[in-house]
Amino acid sequence: MNSQKTSQSPSKRLGGIVINSLGILAAFAIAFGGLFLVQSSLAREKERLLAGGGMAALPQTEAVEAVAAKDLAALRQLTGDELWQLIQIMEQKGETRPHEPVQGQLTMAEAVDCGRAWMEEFFLPRFGVSRLFAEECRISCYLWAPETAGAGTEEYPWLSCWTVSFANQELEAKLLLSAVSGQVLDAKVSYSAPVPWQDGEELTEILTEYASSFGLDGDYCMVYSAETDSGAKKLPWYCSVGDRGIYAALDAGSISMVSSSVVDPETGEAAYAEREYFDVRLYLCYKESE
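Attention here is on the structure that accompanies the text. (Residues numbered from 1 in each chain as written. Predicted model: local features only at pLDDT ≥ 70, side-chain atom pairs only at ≥ 80, totals over all residues. Heavy atoms only, no water.)

### Observations regarding helix α3 (residues 108–126)
Phase 1: The end-to-end C-alpha separation of α3 is 27 Å, in line with the 27 Å expected for 19 residues at 1.5 Å each.
Phase 2: Along α3, the helix axis deviates most sharply at Met119, where the bend reaches about 40°. (Helix = DSSP H or I, 4+ residues; strand = E, 2+ residues; numbered from the N terminus. Expected span 1.5 Å × (residues − 1). Bend = angle between axes of the 7 residues up to and from the residue.)

Shown next as C-alpha cells:
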C-alpha cells in the first residue's frame, strides 16, 4: 500500500510542473498580446491626429510627412462669395468649435506645409529676414470653425480655418489659413532680432502683392487710416480685394528695448544691450463702403 503511494508521487509532481509551466506561458502570451494591441492602438491614434484636428508640436528638423492626398500647388482658391462669407463670420468674433477635417479640407500636415511655404516663399523674403526660419521651429496646429457658421462643416467646408503657429528663439508667427485653400487670411509675425525697416514704397508693394494673391478681380485701391502732421501715411494701410468690401490690411512697427546683461567684475557696473523688436501683421477685413 505504501509502495503504491510512493510510486504515484513523482507523476503527480510532474503533472503539477507541467500545469504551472503552461500557466506561465499563457500569462506571457496574454502580456505580449496586450502590449501588441496597445502599440497598434497608439499607431492608429497617431495617424488620426496627423489627419485630424487638435494640437501637435513638431521640430522643424523632422520632415513633415509627404502629402499624397493633394497637390498643394493645385489647391483651388476661395471664390469671392466664399471669402466674403468667411470674413463676415470671422469679424463677429464669437465662440469657435474645434473639429476634425471633412472632405475637401486640408489635413494637419497639409496645413503646416501651406503655412511654412507662405512664410518661406512670400513673407520673410520681402522683409529680408529669411534666415530667421532656418533654425529649428516649434510648430502647433489646430482646426476650428466659428460657432456662428451654424450649419455643419460638411456642407460649408470653406467656413473652417487652420491656426498654424511657428516659434523659435528669434521668431514667432501665428497664421490663420483657409481650411480648403490654404490661403493665409491673417498673419501675425514678431521678430526679436534686428530687422531692416521697410520704407513706404516697399510696404505698399507687399500689401498689394498680398491683396492680389487672392485672385479676385478689382481695382486694388489703397486706403490710409490717417496722416501725420507732416503728411506721412499712418499705419494700418488697406488695399481693396475684389469689389464686395473686403480689404487686405498691413500694420507694422518696431521698438528698441534696453536690457541689462552681465556685471563688469572690475567696475561692478552692469553692461546694457539694446535689442530691436519688429512686429508685422497682414490680414483680411471687411469695411463698409462710405
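### Focus on the side chain of Ser240
Phase 1: Tracing the sequence through the fold places Ser240 in strand β8 (residues 233–241).
Phase 2: Of the residues examined, Ser240 reaches a relative accessible area of 9% and is grouped as buried.
Phase 3: At 3.3 Å, the side chain of Ser240 forms a polar contact with the backbone nitrogen of Tyr220.
Phase 4: Within the structure, Ser240 has its side chain in polar contact with the backbone nitrogen of Cys221 (distance 2.8 Å). (Buried < 20%, exposed > 50% of the residue type's maximum accessible area, 1.4 Å probe, protein only. Polar contact = N/O pair within 3.5 Å; in protein donor to acceptor, adjacent residues only side chain to side chain.)

### Some remarks on unusual backbone geometry
Leave glycine aside and you will find that most residues have negative phi; peptide bonds, for their part, are mostly trans.
Phase 1: Leu235 connects to Pro236 through a cis peptide bond whose omega is 5°.
Phase 2: The topology assignment puts Pro236 in strand β8.
Phase 3: Positive phi, close to 50°, is recorded for Tyr220, a residue that is not glycine.
Phase 4: In this structure, Tyr220 sits in the loop between α4 (200–212) and β7 (222–227).

### Some points on the pattern of salt bridges
Phase 1: What the rule picks out here adds up to 5 salt bridges.
Phase 2: Among the ionic pairs, Glu82 bridges to Arg76, the shortest N-O distance being 3.0 Å. (Salt bridge = Lys/Arg side-chain N within 4 Å of Asp/Glu carboxyl O.)

### Description of the pairing of strand β3 (residues 138–146)
Phase 1: Burial runs high along β3: 7 of the 9 residues are buried.
Phase 2: For strand β2 (residues 96–98) and β3, the ladder comprises 3 bridges, and the chain directions are antiparallel. Considered in β3, the bridge of Arg97 is made with Ala145.
Phase 3: Relative to strand β4 (residues 161–167), β3 runs antiparallel, the two sharing 7 bridges. Following the sheet pairing, Trp144 is matched in β4 by Cys161. (Pairing = 2+ DSSP bridges.)

### Structural notes on the packing of α3 against α4
Each packed pair of helices is defined by two parameters, the angle between the axes and the distance between the axes.
Phase 1: Running from amino to carboxyl end, α3 crosses α4 at an angle of 155°, the nearest separation of the two axes being 10 Å. Judged by the angle between their axes, α3 and α4 are roughly antiparallel. Residues Trp118, Phe122 and Arg126 of α3 lie in contact with α4, whose contacting residues are Ile206, Glu209 and Tyr210.
Phase 2: Tallied by class, residues from the contact of α3 with α4 come to 4 nonpolar, no polar and 2 charged. (Axes fitted to C-alpha atoms, helices over the stretch in contact; angles between N-to-C directions. Parallel < 35°, antiparallel > 145°, perpendicular 65-115°, else oblique. Contact = heavy atoms within 4.5 Å. Nonpolar A, V, L, I, M, F, W, Y, C, P; charged D, E, K, R; others polar.)

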